Amino acid sequence: MNRRDALLSLIGLFLFSTCLRAEDGLRAEDGLRAEDGQAPKNAAPENAAPENAAPENAAPENAAPKNAASQAAVRLFNGEDLSGWHVDIPAADENPDIEPTFIVRDGKLVSLGEPRGHLITDASYQNYRLEVEYRFAGEPGNCGVLVHASTPRALYDMFPKSIEVQMNHQHAGDFWCIVEDIKVPDMVERRGPKENWGITEGKARRILNLTDGSEKPVGEWNRMVIRCVGDQIKVWVNDDLVNHGTDCTASEGQIAIQAEGAEVEFRKLLLIPN
């Protein structure tokens, strides 16, 4: 080996040794940081979200529960009392001591059916999915969930301006137009002659649902889902799509439960912003 090759070999050994010492120093520093409970330099934070991941608890697209403080799901019934609701019972105007129509019993909200009227949310909502679980506690009969409710007693001095999603036994999912209107396919077949259509007293306000036999036997729990987005309303009963209306004349408002003669129990009233 000549002197030039020997010199190059010595330089290579020196550089290699220097790199090893630097690496050992970094390892030692990381070890000390670990003993102190610190993360190594340049380590990804624990549970770090992947790049471009949606922020945790990000608001769903188009979510907008009007007058609600957050975008989280809202338990309209808390299982204990009627907080967040108010009652409108026309018969109570002349008899303030009338027996209550809406009560809480065994953790369930109960519409006793009489005296007739409505239980109405204090807040108004828009763009949401409403999940309702209900059953007839005794003899089956009539009841309903009203969406986009506004002016009280706008029809027959009883019903608030709204779209009713029917719960009447064997007719769950029909629409009833209460001084608001909505359209569906096959309107003549499902609403009757066009000249009779209307949204006030004496007019053809009922729009038939799409299915038969979607309800459970009396006494069993039914699950109704009502999805309101913009001017559309979709309704499912026990996972069957039973109605889909468009061009609704309202897109926001209160939610109401009816008392219309039959005793109905509710164990779930959950509103999920859409």
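Rules and cut-offs
Residues numbered from 1 in each chain as written. Predicted model: local features only at pLDDT ≥ 70, side-chain atom pairs only at ≥ 80, totals over all residues. Heavy atoms only, no water. Helix = DSSP H or I, 4+ residues; strand = E, 2+ residues; numbered from the N terminus. Buried < 20%, exposed > 50% of the residue type's maximum accessible area, 1.4 Å probe, protein only. Polar contact = N/O pair within 3.5 Å; in protein donor to acceptor, adjacent residues only side chain to side chain. Contact = heavy atoms within 4.5 Å. Phe/Tyr/Trp six-rings, centres within 6.5 Å; stacked < 30°, edge-to-face > 60°. Pairing = 2+ DSSP bridges.

*Asks:* I'd like a description of the side chain of Asn238, backed by residues and values.
*Replies:* On the secondary structure map, Asn238 appears in the loop between strand S12 (232–237) and strand S13 (240–245). Look at Asn238 and you get buried, because its relative accessible area is 16%. One polar contact links the side chain of Asn238 to the main-chain carbonyl oxygen of Ser214, over a distance of 2.8 Å. In this structure the side chain of Asn238 is engaged in a polar contact, spanning 3.0 Å, whose partner is the side chain of Asn222. Aside from chain neighbours lying at most four places away, what touches Asn238 is Ser214, Glu215, Lys216, Trp221, Asn222 and Arg223.

*Asks:* Explain the packing of aromatic side chains residue by residue, including any values.
*Replies:* The full count for this structure, using the stated rule, is two aromatic pairs. Judged by centre distance (6.5 Å) and plane angle (75 degrees), the ring pair of Tyr125 and Tyr128 falls under edge-to-face. A relative accessible area of 0% means that Tyr128 is categorised as buried. Taking the centre distance of 6.4 Å and the plane angle of 85 degrees together, the rings of Tyr134 and Phe136 count as edge-to-face. Overall, Phe136 belongs to the buried group, its relative accessible area being 4%.

*Asks:* Report on the sheet that holds strand S10 (residues 206–207), specifying residues and quantitative values.
*Replies:* Spatially, seven strands are ordered S2-S5-S14-S7-S8-S9-S10 in an open sheet, and the strand pairing comes out antiparallel. With one partner strand each, in any of the chains shown, strand S2 (85–88) and S10 form the two edges of the open sheet. As paired elements, S2 and strand S5 (residues 117–121) share four bridges and run antiparallel to each other. Across the sheet, the residue bridging to Asp88 is His118, located in S5.

*Asks:* Kindly report on the side chain of Asn222, identifying the contributing residues and their values.
*Replies:* With respect to the element layout, Asn222 can be found in strand S11 (residues 222–229). For Asn222, a relative accessible area of 4% corresponds to the buried category. The residues touching Asn222, leaving out its near neighbours within four places in the chain, are Val132, Glu133, Tyr134, Glu215, Lys216 and Asn238.

Treat this as a map of the structure, not an account of what it does.
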